[in-house]
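Below, each chain spelled out in residue letters.
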Amino acid sequence: SWSDQAPNVRHAVRSDLDHLVDVVWRYSPHAFPNRWLLRQRLSGAIDDLVLVLEIGEPPQAIGYGIRDGSTPEYDHWAQGVIVPEHRGEGLAWQMVAAAAVYHF
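Here's what I pulled together on the structure shown here. Everything quoted here is computed from the prediction, not taken from an experiment.

## Digging into the pattern of salt bridges
For side chains bearing opposite charge, pairing can occur when the charged atoms are close.
Now for step 1: Following the criterion strictly, the structure yields 4 salt bridges and no others.
Now for step 2: The closest approach of N and O atoms between R10 and D16, which form a salt bridge, is 2.8 Å.
Now for step 3: Among the residues examined, D16 registers a relative accessible area of 8% and is labelled buried.
Now for step 4: Across the pair R39 and D18 runs a salt bridge whose closest N-O atoms are separated by 2.7 Å. One end of the pair, R39, is in helix α2 (residues 35-49); the other, D18, is in helix α1 (residues 17-27), and 21 residues separate them in sequence.

Structure, rendered in structure tokens:
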């Protein structure tokens, strides 16, 4: 990363859901027809299919990676979202690297 802040990547938890819905709804190019459907989809996936990228102290969630499925050989990451204020800092690469080594 070329950002001056070291990112942390972790599994999402239930308390991330509201922020996740807000970020995906506002900044994702893959729009859902409504927030309710988005929340339902993410609620069902959050425990084992979502990574959170956070920076700062106290940690602030600034991005998410959402896995759509997997095979024995590959994980399929369907979506990655970084809030606009932190785009261009190389932080998404950290999330991609973490997604490549995370074991669900």
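## Section: unusual backbone geometry
Now for step 1: Residues E57 and P58 are joined by a peptide bond in cis, for which omega reads 0°.
Now for step 2: Locating P58 in the fold gives a position in the loop between β2 (50-55) and β3 (60-70).

## Side note on the pairing of β2
Now for step 1: Counting buried positions along β2 yields 6 of 6 residues, so the element is predominantly enclosed.
Now for step 2: Burial along β2 is two-sided: V50, V52 and E54 and L51, L53 and I55, pointing in opposite directions, are all buried.

## Regarding the environment of R41
Now for step 1: Tracing the backbone shows R41 in helix α2.
Now for step 2: Assessed through its relative accessible area of 36%, R41 is described here as partly exposed.
Now for step 3: Taking C-alpha positions, R41 is 9.8 Å from V21, a pair spaced 20 residues apart along the chain.

Cut-off values and rules
Residues numbered from 1 in each chain as written. Predicted model: local features only at pLDDT ≥ 70, side-chain atom pairs only at ≥ 80, totals over all residues. Heavy atoms only, no water. Salt bridge = Lys/Arg side-chain N within 4 Å of Asp/Glu carboxyl O. Buried < 20%, exposed > 50% of the residue type's maximum accessible area, 1.4 Å probe, protein only. Helix = DSSP H or I, 4+ residues; strand = E, 2+ residues; numbered from the N terminus.

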